[in-house]
Structures are given as C-alpha cells and as structure tokens.
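Structural features, examined
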Amino acid sequence: MRILEIGPSETRSRGGMAEVIRDIRESEVLGRTFEIDSFPSYIDGSLPVRLLYTLYGCLRFLTCWRNYDLFHIHMSERGSVFRKYFYLRTVKRAGKKAVVHIHGAEFLTFYDGLSGRKKELVDNLFRQADLVLALSGRWKRELEERFQMKACRTLYNGVDPVKLQPAVSDPTEHRNAFLMLGRLGERKGTYDLLAAAELAIRQNPALTLCLAGDGEVEQVRALVREKGLERNIAVPGWIGGAEKLRLLREAATVVLPSWHEGLPMAILEGMAAGKAIISTTVGAIPEVVGPENGILVEPGDIPALAEALLRCSGDPEGLVRMAESSRQKVGETFSVRRTHETLAGYYKQLMEQGGRDGTTVNQRDCAGV
C-alpha cells in the first residue's frame, strides 16, 4: 500500500508537525507494511514566499497524487485548514481514502472565530475525512462534540527514547538549570516564564534558564537585557540536533508554560531525556504530565510558575523521582514505536473498508521535493 503524507516541509519548516511527518516517513514499524512518502505543502518564509509555494504545491500535487492509495493530511489551523481542504477535496472526488490529523493547538478557537461560510467549509472537511486523528482523548471528545465525522481516534505524538539517550544526565548536578524549547512568543508563555524567572532568581541567584527556539527571538533578548538578567537567561535562537541534546543534558527541568497546546514534542523529548516537566493545564498536557513527573500550573499564573521553578531547584530528590517517571511514561505510552504501531492499525482498518485503488496510473511520484 502506498501512503502520501501532506504537510509542512521536513527540511524547510520548523516545528513539531514537521518532526511527526519525518518520523512517520522514516518509521521502521510502518515501513514493514507501507510505502510512505511525504509531500511538502508549506514552507517557512515571508508571506509572498508562502503564497507562491502554496500555489506551486497545489499544481505539483495534481501531477502525482494518483499513484497513492491513502493520504495522511496533517493540519493545524488558519491557512493550514484552507490549504488542506484543496488536497482532501481532490482525493475524495476520486474515491481515495484520507486521514485528517489535527495538530493545531488553537483549532477550536480558530473555528469559533470563522464566518458562517468558512465554518461550513470546515464542517464539510470533517465530513469528508475517512478518519480524523486527535492528539489526546480530551481533544477527541471535543472534536466529536463539535463536528460530524465518520470516525475519530486518538493518536499521541511519540518520541524515540534511543535518540534522546545522549541527553540523559544526573538531575542533581543540574538542579538549577531550566530549558524551554519551542517558538518564543505569547502563545508558548515565553513572557510569563521570563517574569516568573525574574521572581525566582531573586530567591535563588544560581537559577539559570535557556530559551531555545525561533519566533520572537530579538524581542525576548531585548527584554532579558532590559531586566538585567543576561547572566541567568540565555536566548540562543533556534537549535537542533547535537546542540539540542547538549542543552537537554545540561538541564534538569523542561519548562513550557503555554496558553494553548496540542501534545508538544518539546515535553515528550524532555521526558524521554529524563527531565522533570513544568507546564500548564492545557491541551493534552494533563494526560502526559502529573505530580509524579512534573508540576502543572494555570496559564498566566506567574507566581505559581515562579514557585514551581523554586520547588524543582530546591528538591534534588524530587527531581530524580520525576526524571525516572518521565522516562518510564515515554517507554510505556509515548514512544514513537507505540505510536506507529497504533497508526499502522488505523491504516489497515481504513484500507480493509475498501476503496478505489489508484496504483495503475503511470505517473511520477509526489516525493522528493
């Protein structure tokens, strides 16, 4: 069976969705049964660049999509929804099977703000999908309450513990070191974390924080300088690969005080690396983080966030317990292998339901750009 993933470019866009797409395409578990390619429908860049690439992607898709049996469409919110509607409509008109995978942390808020006509388009998108994937049980219930769908299932994001093994370290040696990974800005709670860190540093001057990611990097750096916290807070910008592993190894706690989230890869990576987690009670996070492996606060509660930083830095034994629990949770529930085994089952169920086979058309494949 040939499957085509549609979503952000693996090489020309940043963020968790591109990582999920790459992991699925490269999966040993899925590769035993399925032949999977990825099709980039979006790249990062200026508005004109994004618009031109969107048009290019749509035109290119029309030359190659018939070679595939099943389409796995990754979708967030805003422009992503309307781009993906084109792809879904194209394949469903030909009787193909399609999975719509919802990643957007603010999807329902986005939907509620749409005009009536645009809501009808989104409603139709959900009705056409053969399967909708939600990042958590909570999201699944909310989507089922709001939309008419053929089927909706939960698929947790997953991480590879083996790849994160080099980032495992003794948390007692880094108890004052905190790390945030992700796009810097209000949605991820970056400014709340800066304010909380300022409060915590007054009581524990040894506390350090690294804010690593893209987004509002220069604004955050300017605020750190304005507060005179350059000795305690580093803002390196976007990092990946070996540098990300190094920063994880040199921290005991990963912090992500977001206002809106799905199931953040940054939290799962932190857990796989044996870190305590400080985060908020939004999205799927409460299904991943509990008192056994971290501390959850309400979004925007800066005093509670500052207290969480101080609790972790002042409790090395607690850090050890939370680190062990984080790694255990990933192994039992949030490993990429378990995620892909679940996804393989969904794929097989869909194709067993029947559908038109498009493998007889002699065209070039969609992969490779």
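Shown above is the structure to which this text applies.
Below is a short write-up of the structure. (Residues numbered from 1 in each chain as written. Predicted model: local features only at pLDDT ≥ 70, side-chain atom pairs only at ≥ 80, totals over all residues. Heavy atoms only, no water.)

Some words on the overall build of the protein chain
Helices and strands together make up the secondary structure of the protein chain, namely 15 helices and twelve strands. Relative to the globule expectation of 21 Å for 369 residues, the C-alpha radius of gyration of the protein chain, 21 Å, shows essentially globular dimensions. Seen along its three principal axes, the alpha-carbon backbone of the protein chain occupies a region of about 65 × 40 × 40 Å. Counting only residues that meet the buried cut, the protein chain has 56% of its 369 residues in that class. Looking at the protein chain alone, contacts between residues at least 24 apart form 74% of all its contacts between residues at least 6 apart. Summing over all exposed atoms, the protein chain offers an accessible surface of approximately 15900 Å²; the carbon and sulfur share of this is 49%. Seen as two clouds, the 50 positive and the 47 negative side-chain charges of the protein chain have centres 6 Å apart. (Helix = DSSP H or I, 4+ residues; strand = E, 2+ residues; numbered from the N terminus. Rg over C-alpha atoms; globule rule 2.2 N^0.38 Å. Buried < 20%, exposed > 50% of the residue type's maximum accessible area, 1.4 Å probe, protein only. Contact = heavy atoms within 4.5 Å. Areas by Shrake-Rupley, 256 points an atom, 1.4 Å probe, with all protein chains shown as cover. Lys, Arg positive; Asp, Glu negative; His and termini not counted. Charge placed at Lys NZ, Arg CZ, Asp CG, Glu CD.)

Points about helix H6 (residues 116-128)
The end-to-end C-alpha distance of H6, which contains 13 residues, comes to 18 Å, matching closely the 18 Å that a straight helix rising 1.5 Å per residue would cover. In this structure, the buried residues of H6 make contact with strand S3 (70-75), helix H4 (79-93), strand S4 (97-102), helix H5 (107-112), strand S5 (131-134) and helix H7 (137-146). (Expected span 1.5 Å × (residues − 1).)

Notes on the sheet that holds S4
Taken together, six strands build an open sheet; the order of strands is S2-S1-S3-S4-S5-S6 and the sheet is parallel. The sheet terminates laterally at strand S2 (35-42) and strand S6 (152-154), the two strands that pair on one side only. Within the sheet, the average angular offset between the axes of one strand and its neighbour, ignoring direction, is 20 degrees. In this sheet, S6 lies alongside S5 in parallel orientation, the contact comprising three bridges. (Pairing = 2+ DSSP bridges. Axes fitted to C-alpha atoms, helices over the stretch in contact; angles between N-to-C directions.)

Some words on the packing of aromatic side chains
For the structure shown, the criterion picks out 17 aromatic pairs. Centre to centre, the rings of Phe126 and Phe147 are 4.1 Å apart; their planes meet at 15 degrees, and the pair counts as stacked. Taken as a pair, Phe126 in helix H6 and Phe147 in the loop between H7 and S6 lie far apart in primary sequence, 21 residues in all. An identical accessibility class is assigned to Phe126 and Phe147; each is buried. Each residue in the set Phe39, Phe61, Trp65, Tyr68, Phe71, Phe86 and Tyr87 is aromatic and connected to the rest through ring pairs, giving one cluster. Here Arg2 stacks its cationic end above the ring of Tyr68, 4.7 Å away from the centre of that ring. If you follow Lys119 out to its NZ or CZ, it ends over the ring of Tyr111, 5.5 Å from the centre. (Phe/Tyr/Trp six-rings, centres within 6.5 Å; stacked < 30°, edge-to-face > 60°. Lys NZ or Arg CZ within 6 Å of the ring centre and 35° of its normal.)

As for unusual backbone geometry
Glycine aside, residues mostly have negative phi angles, and peptide bonds mostly take the trans form. Non-glycine residue Arg78 carries a positive phi angle of around 55 degrees. Following the sequence through the fold, Arg78 ends up in the loop between S3 and H4. The partly exposed category is assigned to Arg78, whose relative accessible area is 45%.

What about the sheet that holds strand S12 (residues 294-297)?
Read across the sheet, six strands follow the order S9-S8-S7-S10-S11-S12 without closing on themselves; strand pairing throughout is parallel. Two strands close off the open sheet at either side, each with one partner strand: strand S9 (233-237) and S12. Each strand of the sheet is rotated relative to its neighbour by a mean of 20 degrees, with strand direction disregarded. Bridging between strand S10 (residues 253-256) and strand S11 (residues 276-280) involves four bridges; their strand directions are parallel. Paired with Val255 across the bridge in S11 is Ile278.

A few points about a nonpolar patch on the surface
On the surface, a nonpolar cluster with roughly 280 Å² of combined accessible area is contributed by Leu55, Leu59 and Leu62. Along the chain, Leu62 turns up in the loop between helix H3 (47-61) and S3. (Patch = residues over 30% accessible without salt bridge, like charges linked within 9 Å, V, L, I, M, F, W, Y side chains within 5 Å. Salt bridge = Lys/Arg side-chain N within 4 Å of Asp/Glu carboxyl O.)

Brief notes about the pairing of S5
On S5, burial covers both faces: Leu131 and Leu133 on one face and Val132 and Ala134 on the other are all buried. Pairing of S4 with S5, which is carried by three bridges, proceeds in the parallel orientation. Each bridged residue has a counterpart across the sheet, and for Val100 the counterpart in S5 is Val132.

A look at the environment of Glu218
Inspection of the secondary structure puts Glu218 in helix H10 (residues 217-227). Glu218 sits in the partly exposed class, given a relative accessible area of 49%. Note: C-alpha distance between Glu218 and Leu184 (34 residues apart in sequence) is 9.7 Å.

Digging into the packing of H4 against H6
At a minimum axis separation of 10 Å, H4 and H6 run at an interaxial angle of 45 degrees. Our classification of the angle between H4 and H6 gives oblique. Note that H4 runs across H6; the crossing there is left-handed. Between H4 and H6, the residues in contact are Val81, Phe82, Tyr85, Leu88, Arg89 and Lys92 and Lys118, Leu121, Val122, Asn124, Leu125 and Gln128, respectively. Of the residues in the contact of H4 with H6, the class split is seven nonpolar, two polar and three charged. (Parallel < 35°, antiparallel > 145°, perpendicular 65-115°, else oblique. Left-handed = near helix turned anticlockwise from the far one by under 90°. Nonpolar A, V, L, I, M, F, W, Y, C, P; charged D, E, K, R; others polar.)

Regarding helix H13 (residues 302-313)
If you check H13, its first and last C-alpha atoms are 17 Å apart, about what twelve residues at 1.5 Å a residue would give, namely 16 Å. When we look at burial in H13, the residues that qualify are Leu305, Ala306, Ala308, Leu309, Leu310, Cys312 and Ser313. Those residues of H13 that are buried lie in contact with strand S7 (177-181), helix H9 (190-203), S10, S11, S12 and helix H14 (316-334). N-capping of H13 is provided by Asp301, with a side-chain oxygen placed 3.1 Å from the backbone N of Ala304. (Polar contact = N/O pair within 3.5 Å; in protein donor to acceptor, adjacent residues only side chain to side chain.)

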